[in-house]
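Breakdown of the fold
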Amino acid sequence: MTFEAPPLAKTVAALPAFVPFVGPLAIERQLGRRFDLRLGANESAWGVSPKARAAMERSLRDCAWYGDPENYELREALAFRHRVSPANILVASGIDDVLGLIVRCFVDSGDAVVTSQGTYPTFVYHAQGYGAVVHRVPYDGDRVDLSRLAETACRQHARIVYLANPDNPSGTWRSATELLEFAEALPRRAVLLLDEAYSDFAPPEALPAIDVGQPRVVRCRTFSKAHGLAGLRIGYAVAHSETVAALDRIRLHFGVNRVAQAGALASLGDERFVSAVIADVARGVEHYGRLAHRVGLRPVPSATNFVAMDVGDREAASRLTAALLERGVFVRRATEPPMDQWIRVTVGLPEQRAAFESVIGGLLSEAGEGEAAWSTSAPTGKAQR
Ligand SMILES: *Cc1c(COP(=O)(O)O)cnc(C)c1O
């Protein structure tokens, strides 16, 4: 018996070491401290609905028993909500899981896929994992460039075109009319993978009517944002029944746990709670717009639960992110231009927004006074408590 490492599968051996994101808890470990303000992962500061909490507590009693691999009740409720059939709904462990299943379903190793350069990264993570060739299209200013995406998809004979609408990390959106035209311009064999993680916050005109008769479009939704269930891992796709049937052949059937199922179902039924969260988030987006102007940053228009603030240059944005982290404030900065000169700040509760305002106001006025404390210090990685 020797202990030589067995060879890896070819697609895996060829993969770059790539983590779509470092999670908040991992960043806390790296910094050696807890965040005082966690505004970097677009989670919900409003938590979960009390009804969802009660349903999840009840479901815990049955955790010795397997949950429902068909997600029957939740699919019924979602089908009713979207006026489709349960056969049009696939429930999975968050949109991140749906994205991988769609890639596996439609892409053979070597096939082309298209996305925007610097947008939400998990699609690319899965595409590379299944051996796809990824083509990235730069943004057009603050927004994704639909005509270049379509043009690239046609030129490369893409099998999947990924679009987050509203987008992350920009927060911007395209209208339903633009999206329908875009879908028409895609190659005949391409799937439009429409990631609508922020649909709860989006204006109605950003969301095309759901048409499950259209086999080339897959819509993705999640309970991680307005419903506050990010840690439970549950989301879904709405698609043509044949697509859902194909996904049923490859999904992890017991992958969505019973606590998540119970929480999502109860949260879906608590419209009063969820609409209050959405209204508060809208107030927070406005608050951040005023705040950004006040401290000299440009707020990027947002239809989400976060606001990107344009610092004006990449180095300054990087230093500002580091200085905020050092003061216990977690925000993110994207790595691709033009977003690499922005900071992305999740909407928090009013008191968290006030605390953020005072920290960033302090940093930027220090910087304005020439003695730019925040511009020279980077996190040391040492424990600071
Ligand atoms: C937050 C987010 C997701 C993650 O959704 P999960 O259901 O938690 O996996 C997917 N897409 C975008 C664009 C997001 O911002």
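One can find the structure itself at the top, above this paragraph.
What you see as residue numbers is a count from 1 along each chain, following the sequence as written. Only residues with pLDDT of at least 70 are given local features in this predicted model, and only at 80 or more are side-chain atom pairs given and counted; all residues enter the totals for whole chains, interfaces and linings. Think of the side-chain values as coming from all heavy atoms in the structure, minus any hydrogens and water.

A separate point is the overall build of the protein chain. Secondary structure elements are taken from DSSP: a helix is a run of H or I of four residues or more, a strand is a run of E of two residues or more, and numbering for both begins at the N terminus. Looking only at helices and strands, the protein chain has 14 helices and 12 strands in total. The atom set for the radius of gyration is the C-alpha atoms, and the globule formula is 2.2 Å times the number of residues raised to the power 0.38. For the protein chain, whose C-alpha radius of gyration is 21 Å, the value lies close to the compact-globule estimate of 21 Å for 385 residues. Seen through its C-alpha atoms, the protein chain measures out along the principal axes to roughly 65 × 60 × 50 Å. Exposed residues in this analysis have more than 50% of their type's maximum accessible area, buried residues have under 20%, and partly exposed residues fall in between, with area computed by a 1.4 Å probe over protein chains only. The buried share of the protein chain, taken over its 385 residues, is 52%. Put simply, 74% of the contacts in the protein chain that link residues at least 6 apart link residues at least 24 apart. Whether two residues are in contact is decided by their heavy atoms, any of which lying within 4.5 Å being enough.

With that settled, the discussion passes to the sheet that holds strand E12 (residues 342-346). Pairs of strands are assigned from DSSP output, requiring at least two bridges between the strands. Spatially, E9-E10-E12 is the arrangement adopted by the 3 strands of the open sheet, whose pairing is antiparallel. In this open sheet, the two edge strands, each paired with only one partner strand, are strand E9 (298-299) and E12. The pairing of strand E10 (residues 306-310) with E12 spans 5 bridges and is classified as antiparallel. By the bridge assignment, Asp 310 is partnered in E12 with Trp 342. Angles shown run from 0 to 180 degrees and are taken between the N-to-C directions of axes, each axis being a line fitted to C-alpha atoms and, for helices, limited to the stretch in contact. Lying on the sheet, helix H11 (residues 271-294) is in contact with E9, E10 and E12; it crosses E10 at an angle near 15 degrees.

The gaps of empty space that remain are located by a probe, the size of a water molecule, rolled over the atoms. Considered as a void within the structure, the largest pocket measures approximately 820 Å³ in volume. In this structure, the largest pocket is lined by 32 residues; those nearest its centre are Pro 20, Arg 332, Arg 333, Ala 334 and Thr 335. Contributions of two or more residues to the lining of the largest pocket are made by helix H2 (24-31), strand E3 (112-116), helix H12 (314-326) and E12. Residue type decides the class: Asp, Glu, Lys and Arg count as charged, Ala, Val, Leu, Ile, Met, Phe, Trp, Tyr, Cys and Pro as nonpolar, and the leftover types, Gly among them, as polar. For the lining of the largest pocket, a count of residues per class yields 19 nonpolar, 8 polar and 5 charged. A domain assignment, automatic or from a database, supplies the domain bounds used here. The residues that make up the lining of the largest pocket include at least three from each of domain 1 (65-269) and domain 2 (272-384). The method works on a 1 Å grid over the protein atoms by themselves. A cavity is a set of points holding a 1.4 Å probe that cannot get out, a pocket is an open set with protein on both sides within 12 Å along at least five of seven lines, and residues with an atom within 4 Å of a point line them. Grid points are joined across faces, edges and corners, and a volume is the space filled by probe spheres set on the points.

What follows covers the sheet that holds E3. Reading across from one edge, E2-E8-E7-E6-E5-E3-E4 is the order of the 7 strands in this open sheet, with mixed pairing throughout. Two strands in the sheet have a free side with no partner beyond their single neighbour: strand E2 (89-92) and strand E4 (133-137). Strand-to-strand twist of the sheet, defined as the mean angle between neighbouring strand axes without regard to direction, takes the value 20 degrees. Summarising the sheet, strand E6 (residues 191-195) and strand E7 (residues 217-222) pair through 4 bridges and their orientation is parallel. Within the sheet, the bridge partner assigned to Leu 193 lies in E7 and is Val 218. Its contacts with the sheet put helix H4 (residues 72-82) on E2, E7 and strand E8 (235-238), and the angle it makes with E2 is roughly 130 degrees.

Salt bridges are defined by distance alone: a side-chain nitrogen of Lys or Arg within 4 Å of a carboxyl oxygen of Asp or Glu. Counted by the stated rule, this structure contains 16 salt bridges. Between Arg 174 and Glu 178 there is a salt bridge, with the nearest N and O atoms lying 3.1 Å from each other. Through salt bridges with shared partners, a single network forms among Asp 142, Arg 298 and Asp 310.

Time to look at unusual backbone geometry. Peptide bonds are trans in most cases, and residues, glycine excluded, mostly fall at negative phi. For the bond running from Asn 168 to Pro 169, omega is 15 degrees, close enough to zero to count as cis. Note that Pro 169 resides in the loop between strand E5 (160-164) and helix H8 (176-185). Note that the residue after Pro 337, namely Pro 338, is joined by a cis bond; omega there is 0 degrees. Even without being glycine, Asn 71 reaches a positive phi, approximately 50 degrees. Along the chain, the position of Asn 71 falls in the loop between helix H3 (50-60) and H4.

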